[in-house]
Amino acid sequence: MTEITKPIERSFTWIDLSTTDAAAAKNFYTKVFGWTTLDRAAEDFTYTMLRKNDKNVAALSEAADQPAHWNCYVLVDDVDKFEAKVEHLGGKVIKTAFDVMDIGRMAVIADPTGGVCLLWHAKKENEFGAQLMHEVGSLAWTELVTNDTAAAKGFYTELFGWTAKNETIGDVDYITFKKDDLEVAGMLKLPESFGAVPSHWLSYIQVADCDAAVKIALELGGKVRLAATDIPKVGRIAVLQDAQGAGFGILQDVK
């Protein structure tokens with residue numbers, strides 16, 4: 001079990017789902033990933049922790065005024081400091097920095113290509129993000145699918161101080177972002193097969209059996225955006241949508 005006990009700044013440390021139907025989403029994800037749930041009262045809504053082995057790995061909440069989607073959070077030491085750089089680098093501040101009760105501070109930003117992520121600073125030691133990662137039932141990878149890799153590369157390397165490594169994985173030109181020696185995210189050109197899809201960050205949850213997870217998701221009303229595919233030196237992946245339309249990836253790790 002890869003338990004996360006200390007924060008890794010300038011990396012993705014948390015994901016949560018904004019959904020139009022929290023009850024349906026709970027049913028879907030608990031069955032696909034074997035998660036359990038724990039409701040947590042927020043200021044004016046319920047924030048449901050999604051758990052694996054009694055560790056928080058993600059969360060969900062209901063928001064009926066927007067399409068269902070997964071949010072990806074980058075941990076930073078000062079939300080306001082990073083937010084101030086966004087527009088100078090060609091990005092957009094969608095929601096300016098605000099306090100989340102006494103738990104932390106966050107902002108919502110978009111890169112120059114339209115990819116949205118969230119900045120997060122924890123005010124409490126144990127609120128930095130997922131308590132379990134890189135194991136079955138937890139966040140395995142975060143990837144930007146964009147229509148302009150050059151613009152996105154410039155933005156994120158400047159904003160977070162990431163370095164970018166170009167490589168070829170299978171027949172795909174791929175960029176891996178690193179913070180020091182740690183791989184923190186990936187990026188690829190939006191495939192033509194995706195159609196008119198905007199640039200977006202995509203979270204991959206690790207699974208023991210990719211094809212079995214796809215089957216369960218379909219039985220629960222989900223859809224396949226990218227059929228199960230073997231990626232050399234990576235594993236077997238698929239990209240799915242839940243029954244409310246939120247997209248996510250799954251990854252069966254290389255054995």
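See the structure above.
This structure is a prediction, so every number in the text was calculated from the model and none was measured. (Residues numbered from 1 in each chain as written. Predicted model: local features only at pLDDT ≥ 70, side-chain atom pairs only at ≥ 80, totals over all residues. Heavy atoms only, no water.)

Draft legend 1. Highlighting helix H1 (residues 22-33). With 12 residues, H1 should cover 16 Å at 1.5 Å per step; its first-to-last C-alpha distance of 16 Å lies within 8% of that length. By the N-cap criterion, in which a side-chain oxygen at the helix start approaches the backbone nitrogen of a residue two or three places on, H1 is capped by Asp-21, the distance to Ala-23 being 3.3 Å. With its phi angle positive at about 70°, Gly-34 sits one or two positions after the end of H1. (Helix = DSSP H or I, 4+ residues; strand = E, 2+ residues; numbered from the N terminus. Expected span 1.5 Å × (residues − 1). Polar contact = N/O pair within 3.5 Å; in protein donor to acceptor, adjacent residues only side chain to side chain.)

Draft legend 2. View of the side chain of Thr-48. Relative to the helices and strands, Thr-48 is located in strand E3 (residues 46-52). Accessibility expressed as a relative area gives 2% for Thr-48, which makes it buried. Of note is the side chain of Thr-48, whose polar atom sits 2.6 Å from the side chain of Asp-39. Once residues within four sequence positions are removed from consideration, Thr-48 is found in contact with Lys-26, Thr-37, Leu-38, Asp-39, Ala-58, Ala-59 and Leu-60. (Buried < 20%, exposed > 50% of the residue type's maximum accessible area, 1.4 Å probe, protein only. Contact = heavy atoms within 4.5 Å.)

Draft legend 3. Focus on the pattern of salt bridges. Following the criterion strictly, the structure yields 11 salt bridges and no others. With its nearest N and O atoms 3.2 Å apart, the salt bridge here joins Lys-81 to Asp-77. Among the residues examined, Lys-81 registers a relative accessible area of 36% and is labelled partly exposed. Looking at Asp-77, the relative accessible area reads 37%, which means it is partly exposed. Connected through salt bridges with shared partners, the residues Asp-80, Asp-99, Arg-105 and Lys-123 form a single ionic network. (Salt bridge = Lys/Arg side-chain N within 4 Å of Asp/Glu carboxyl O.)

Draft legend 4. Spatial organisation of the sheet that holds E3. Here eight strands make up an open sheet; going across it, the order is E2-E3-E4-E1-E5-E8-E7-E6 and the pairing mixed. Edge positions in the open sheet fall to strand E2 (36-41) and strand E6 (92-100), since each of these has one partner strand only. For this sheet, the mean angle separating the axes of adjacent strands, direction not counted, is 25°. Strand direction decides the pairing type here: strand E1 (residues 12-19) and strand E5 (residues 69-75), joined by six bridges, are antiparallel. The partner of Ile-15 across the bridge, within E5, is Cys-72. Helix H2 (residues 79-86) contacts E6, strand E7 (104-110) and strand E8 (116-122) of the sheet and is inclined by roughly 170° relative to E6. Lying on the sheet, helix H3 (residues 149-160) is in contact with E5, E7 and E8; it crosses E7 at an angle near 155°. (Pairing = 2+ DSSP bridges. Axes fitted to C-alpha atoms, helices over the stretch in contact; angles between N-to-C directions.)

Draft legend 5. Main features of the packing of aromatic side chains. Tallied over the full model, the rule gives 20 aromatic pairs. Here the aromatic rings of Phe-45 and Tyr-47 are separated by 6.4 Å at their centres, their planes lie at 85°, and the arrangement is edge-to-face. Take Phe-45: its relative accessible area is 38%, and that puts it in the partly exposed class. Ring centres 6.4 Å apart and planes at 90° place the aromatic pair Tyr-73 and Trp-120 in the edge-to-face group. With a gap of 47 residues between them, Tyr-73 in strand E5 and Trp-120 in strand E8 connect regions that are remote in the sequence. The rings of Phe-12, Phe-82, Phe-155, Tyr-156, Phe-160, Trp-162, Phe-177 and Trp-201 are connected pair by pair, giving a single aromatic cluster. The cationic tip of Lys-85 hangs over the ring face of Phe-82; the distance from NZ or CZ to the ring centre is 4.9 Å. When the ring centre of Phe-98 is taken as origin, the NZ or CZ atom of Lys-95, which lies over that ring, is 4.7 Å away. (Phe/Tyr/Trp six-rings, centres within 6.5 Å; stacked < 30°, edge-to-face > 60°. Lys NZ or Arg CZ within 6 Å of the ring centre and 35° of its normal.)

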